[in-house]
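Coordinate analysis (summary)
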Amino acid sequence: MQVVLRGGFYLFMGVDMIEIWHVSKSYGNIKAVDDVSLTIRDAEIFGIVGYSGAGKSTLLRTINQLEKVDEGEICIDGVDVTKLSYDELRTKRRKIGMIFQHFDLLWSKTVLDNIAFPLELIKMNKKERREKAKEAAIKVGLEDKLAVYPNALSGGQKQRVAIARALVFDPDILLSDEATSALDPKTTDDILELLMKINKEYKITIVLITHQMEVVQKICHRLAVMAKGKVIEEGSVYDIFKDPQKDLTKKLIQTVDTGLDVEKMAGELKIRYPEGHLLRLTFDSKSSGEPILYEVGNKLHIPFNIVSANIKNTQVGPLGVMYIHIEKRHDIGRIVEELLKDDVKVEVI
């Protein structure tokens, strides 16, 4: 345990905790990261989400100093990496693996040699680097592909090679830069399952950036939402999906609920249901398994038309989301009152 002074307060920093403190980064007149402060806990999966241009990739790359900060501190294990010398930073980076959207494999080398390549660069002897590469290959399920060349692999297998290469130094931290955005849905799920397995079995802290809220929903413990270089919302995935505070966060989450852009969805619903009330209901892990809507409808003698329904599984439990239409003649106030009694969040569209 280390104790460091930040802004007049003493912070107790545990092993592998990442402390991003008032970090800014500009490119000319464009402020890509604007006074961002975040704490990423040991052995958690932390997501950073936002649309293109939000600054999330730049922020991720400041953690291993691929991007140098203009202002602020980034402490890992209590050490400010922004102040390390070139040689110190090279050593520190060995404990911070990184995977990218594009696999960046060497097509003339086998899977084994691709995984071992970072070890070759530091001149580790051949026998030792091949053994470590085999260990990393086993972690990602590629032990039967060691002699294969990249052009014979599927997209998911190529990404597994890239992940194994990032694991070859036995890192404490793994940075994922849109690692699933180029993959099909089934392959994406497979890679996400692999990342969860790596996090759970090897206690590796994973920081990932994505514009896909489905990714965050499935594997992250906590997340930060970025816009125009700033963090606009931060918290547990469960709490943010249940009760988002910012309009941008609501838009991102509602897109997951329906598979449509929220504005497009609202327009289509208003065309389909020009009269009456449209409601979005959110059920937490306790209420999502209960027949609450059925019971409220029976009690008030009000029929509901279910427009869309979806249950999202998060790391800490399910969240149910439902869109319903109610005819104009019914008292929406009574309906909302009854639903709130059962801890159902209600929003009028």
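Our subject is the structure listed above.
Residues numbered from 1 in each chain as written. Predicted model: local features only at pLDDT ≥ 70, side-chain atom pairs only at ≥ 80, totals over all residues. Heavy atoms only, no water.

**Let's talk about the overall build of the protein chain**
So the rule is basically this: Helix and strand definitions here come from DSSP, where helices need a minimum of 4 consecutive H or I residues and strands a minimum of 2 consecutive E residues; each element is numbered from the N-terminal end. For every residue, the accessible area (1.4 Å probe, protein chains only) is compared with the maximum for its type, and the residue is labelled buried under 20%, exposed over 50%, or partly exposed between those bounds. Pairs of residues are marked as contacts when any of their non-hydrogen atoms sit within 4.5 Å. The protein chains shown are the only cover counted for residues, whose accessible areas, like all others here, come from Shrake-Rupley with a 1.4 Å probe. In this tally, Lys and Arg are treated as positive and Asp and Glu as negative; His is ignored, and so are the chain termini. For charged residues, the charge sits on one atom: NZ in Lys, CZ in Arg, CG in Asp, CD in Glu.
What the protein chain contains, in helices and strands, is twelve helices and 16 strands. Projected onto its principal axes, the C-alpha coordinates of the protein chain cover approximately 80 × 55 × 40 Å. The burial tally for the protein chain puts 50% of its 349 residues in the buried class. The contacts of the protein chain with a sequence gap of at least 6 include a subset with a gap of at least 24, amounting to 67%. A total of about 16900 Å² of accessible surface is found on the protein chain, and carbon and sulfur atoms cover 51% of it. Where the 50 positive side-chain charges of the protein chain centre and where its 52 negative ones centre are 4 Å apart.

**Here we look at the environment of Lys-92**
Worth spelling out the cut-off: Here a polar contact is taken to be a pair of N or O atoms separated by no more than 3.5 Å, where protein atoms must pair a possible hydrogen donor with a possible acceptor and residues adjacent in sequence count only if both atoms sit in side chains.
Along the chain, the position of Lys-92 falls in helix H2 (residues 86-93). The exposure class assigned to Lys-92 is buried, which follows from its relative accessible area of 19%. Along the sequence, Lys-92 and Ile-302 sit 210 residues apart, while their C-alpha atoms lie 63 Å from each other. Not counting the four nearest positions on each side in its chain, Lys-92 is found in contact with Ile-76, Asp-77, Val-81 and Leu-84. At 3.4 Å, the side chain of Lys-92 forms a polar contact with the side chain of Asp-77.

**What to know about the packing of helix H3 (residues 111-121) against helix H4 (residues 126-139)**
Our working rule: Geometry is summarised by axes, namely lines fitted to C-alpha atoms with helices restricted to the contacting stretch, and by angles between N-to-C directions that run from 0 to 180 degrees. Note on terminology: angles under 35 degrees are roughly parallel, angles over 145 are roughly antiparallel, angles of 65 to 115 are roughly perpendicular, and the others are oblique. Should the near helix be turned anticlockwise from the far one by less than a right angle, the crossing is termed left-handed; should it be turned clockwise, right-handed. The nonpolar class holds Ala, Val, Leu, Ile, Met, Phe, Trp, Tyr, Cys and Pro. Asp, Glu, Lys and Arg form the charged class, and all remaining residues, Gly among them, are polar.
Where H3 contacts H4, the axes come no closer than 8 Å and their chain directions differ by 125°. On the basis of their axis angle, the class for H3 and H4 is oblique. The two elements H3 and H4 meet at a crossing, and its hand is right-handed. Here H3 contributes Leu-112, Asp-113, Ile-115, Ala-116, Leu-119 and Glu-120 to the contact with H4, which in turn contributes Arg-129, Arg-130, Lys-132, Ala-133, Lys-134, Ala-136 and Ala-137. Split into classes, the residues belonging to the contact of H3 with H4 amount to seven nonpolar, no polar and six charged.

**Some details on the pattern of salt bridges**
Our working rule: We define a salt bridge as a contact between a side-chain nitrogen of Lys or Arg and a carboxyl oxygen of Asp or Glu at a distance within 4 Å.
By the definition in use, this model includes 22 salt bridges. With a shortest N-O distance of 2.8 Å, Asp-243 and Lys-345 are connected by a salt bridge. With Asp-243 in the loop between helix H8 (237-242) and helix H9 (247-258) and Lys-345 in strand S16 (residues 345-348), the pair connects residues that are 102 residues apart, well separated along the chain. Here Arg-280 ties to Glu-347 by a salt bridge, and the two come within 2.9 Å at their closest N and O atoms. Remark: Glu-347 occurs in strand S16 and Arg-280 occurs in strand S13 (residues 277-283); sequence separation between them is 67 residues. Arg-280 sits in the buried class, given a relative accessible area of 2%.

**Comments concerning the nonpolar core**
In globular proteins that are soluble, nonpolar side chains generally tend to be buried together. The condition that has to hold: The criterion is simple. A nonpolar core is a set of buried Ala, Val, Leu, Ile, Met, Phe, Trp, Tyr and Cys residues joined through side-chain atoms within 4.5 Å.
In terms of nonpolar packing, the biggest core is built from 51 residues, with Ile-115, Ile-163, Leu-195 and Ile-219 touching the most fellow members. Ranked by the residues each element gives to this core, the list is headed by helix H6 (residues 185-202), at six residues. The residues touching Leu-195, leaving out its near neighbours within four places in the chain, are Ile-99, Ile-163, Leu-174, Ile-206 and Ile-219. Core analysis: the next-biggest nonpolar cluster, separate from the first, contains 25 residues, Val-33, Ile-63, Val-69 and Val-207 among them.

**Description of unusual backbone geometry**
Positive phi, normally seen in glycine, also occurs at Ala-43, with a value near 65°. Summarising the element assignment, Ala-43 is placed in the loop between strand S4 (30-40) and strand S5 (45-49). For Ala-43, a relative accessible area of 23% puts it in the partly exposed group. Phi at Asp-170 takes a positive value of approximately 55°, unusual for a residue other than glycine.

**Notes on the layout of surface pockets**
We apply this condition: Lining residues are those with an atom within 4 Å of a point, where the points come from a 1 Å grid over the protein atoms alone and group into cavities, where a 1.4 Å probe fits but cannot get out, or pockets, open sets with protein on both sides within 12 Å along at least five of seven lines. Grid points are joined across faces, edges and corners, and a volume is the space filled by probe spheres set on the points.
A volume near 720 Å³ is recorded for the largest pocket. If you trace the largest pocket, you find 23 residues lining it, with Arg-93, Ile-96, Pro-118, Leu-121 and Phe-169 closest to the centre. For the lining of the largest pocket, the secondary-structure elements that each account for two or more residues are H2, strand S8 (96-100), H3 and helix H5 (155-167). The element that contributes the greatest number of residues to the lining of the largest pocket is S8, accounting for five residues. Per-class residue counts for the lining of the largest pocket are 15 nonpolar, three polar and five charged.

**Description of helix H1 (residues 56-63)**
For H1, a buried count of six out of eight residues is recorded, marking the element as mostly surrounded by other parts of the structure. Along H1, the positions that sit buried rather than exposed are Lys-56, Thr-58, Leu-59, Leu-60, Thr-62 and Ile-63. In the segment just after H1, Gln-65 is the residue with positive phi, at about 65°.

**Concerning the packing of aromatic side chains**
We apply this condition: Each aromatic pair joins two rings of Phe, Tyr and Trp (for Trp, the six-membered one) with centres within 6.5 Å, and gets the label stacked for planes under 30 degrees apart, edge-to-face for over 60, and tilted for any other angle. For a Lys NZ or an Arg CZ to count as sitting over a ring, it must be within 6 Å of the ring centre and within 35 degrees of the ring normal.
Across all of its chains, the model carries zero aromatic pairs by this definition. Between the NZ or CZ atom of Lys-139 and the centre of the ring of Tyr-202, over which it lies, the distance is 4.7 Å.

From the geometry alone we can't say anything about function, so treat these as descriptive.
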